[in-house]
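Residue-level structural notes
Here is what each chain is made of, one letter per residue.
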Amino acid sequence: MERLPIFVFVKYIAFMLLVLLAACSGAERPLDAKERQRIDSISTAQIQVLRRQIDSSCRAAQTNELPQLVDSLLAERRREIQQMLKDLPADAKR
């Protein structure tokens, strides 16, 4: 399965930390429209990149891991049924 590289998360965390620090800096003036638009553009771009990477990882997991998980669950259930059939009394098996 394709995993998201750790640097993607580090980059995202660093961006969020930067935004948090900027928000908590006690700025004396509010952000103007141009600054808000720039922040919005940057965050939208980051979200789009992460969304594509996460979607890709989910598709890979669905293609590679889901069939194995389903097969495993089916095999376990078949074992349970076989055990239940073995435990039935002889007169109930007819």
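Residues numbered from 1 in each chain as written. Predicted model: local features only at pLDDT ≥ 70, side-chain atom pairs only at ≥ 80, totals over all residues. Heavy atoms only, no water.

**Topic: the overall build of the protein**
- Helix and strand counts for the protein stand at three helices and zero strands.
- The order of α-helices and β-strands along the protein, N terminus first, is α-α-α.
- Considering the protein as a whole, with its 94 residues, one finds that 10% of them fall into the buried category.
- Accessible surface, the protein as shown: approximately 8,300 Å² in total, 61% of it carbon and sulfur. (Helix = DSSP H or I, 4+ residues; strand = E, 2+ residues; numbered from the N terminus. Buried < 20%, exposed > 50% of the residue type's maximum accessible area, 1.4 Å probe, protein only. Areas by Shrake-Rupley, 256 points an atom, 1.4 Å probe, with all protein chains shown as cover.)

**Brief notes about a nonpolar patch on the surface**
- Together, L66, L69, V70 and L74 give the surface a local cluster of nonpolar side chains, amounting to about 330 Å² of exposed area.
- Residue position: V70 is located in helix α3 (residues 66-87).
- A relative accessible area of 39% places V70 in the partly exposed class. (Patch = residues over 30% accessible without salt bridge, like charges linked within 9 Å, V, L, I, M, F, W, Y side chains within 5 Å. Salt bridge = Lys/Arg side-chain N within 4 Å of Asp/Glu carboxyl O.)

**Topic: the packing of helix α2 (residues 33-64) against α3**
- Relative orientation of the contacting elements α2 and α3 amounts to 40 degrees, with a least axis distance of 4 Å. When the interaxial angle is binned, α2 and α3 end up oblique. Touching A61, Q62, T63 and N64 of α2 are L66, P67 and Q68, all from α3.
- Along the lines of polarity and charge, the residues of the contact of α2 with α3 split into three nonpolar, four polar and no charged. (Axes fitted to C-alpha atoms, helices over the stretch in contact; angles between N-to-C directions. Parallel < 35°, antiparallel > 145°, perpendicular 65-115°, else oblique. Contact = heavy atoms within 4.5 Å. Nonpolar A, V, L, I, M, F, W, Y, C, P; charged D, E, K, R; others polar.)

**Digging into the confidence of the model for the protein**
- Taken residue by residue, the protein gives an average pLDDT of 83. The fraction at 70 or more is 84%.
- Looking over the protein, one finds the lowest element-wise mean pLDDT in helix α1 (residues 6-23), namely 76, and the highest in α3, namely 93. (pLDDT = per-residue confidence, 0-100.)

**Quick notes on the pattern of salt bridges**
- The tally for this structure, following the rule as stated, stands at two salt bridges.
- Among the salt bridges present, the one from E76 reaches R79, with a minimum N-O distance of 2.8 Å. Within this pair, E76 and its partner R79 are both found in helix α3, separated by three residues, close to a single helical turn.
- Among the residues examined, E76 registers a relative accessible area of 36% and is labelled partly exposed.

**Here's the deal with α2**
- The end-to-end C-alpha distance of α2 is 46 Å, a good match for the 46 Å that 32 residues give at a rise of 1.5 Å each.
- Taken as a whole, α2 has its buried residues at E35, S43, L50, S57, A60 and A61. (Expected span 1.5 Å × (residues − 1).)

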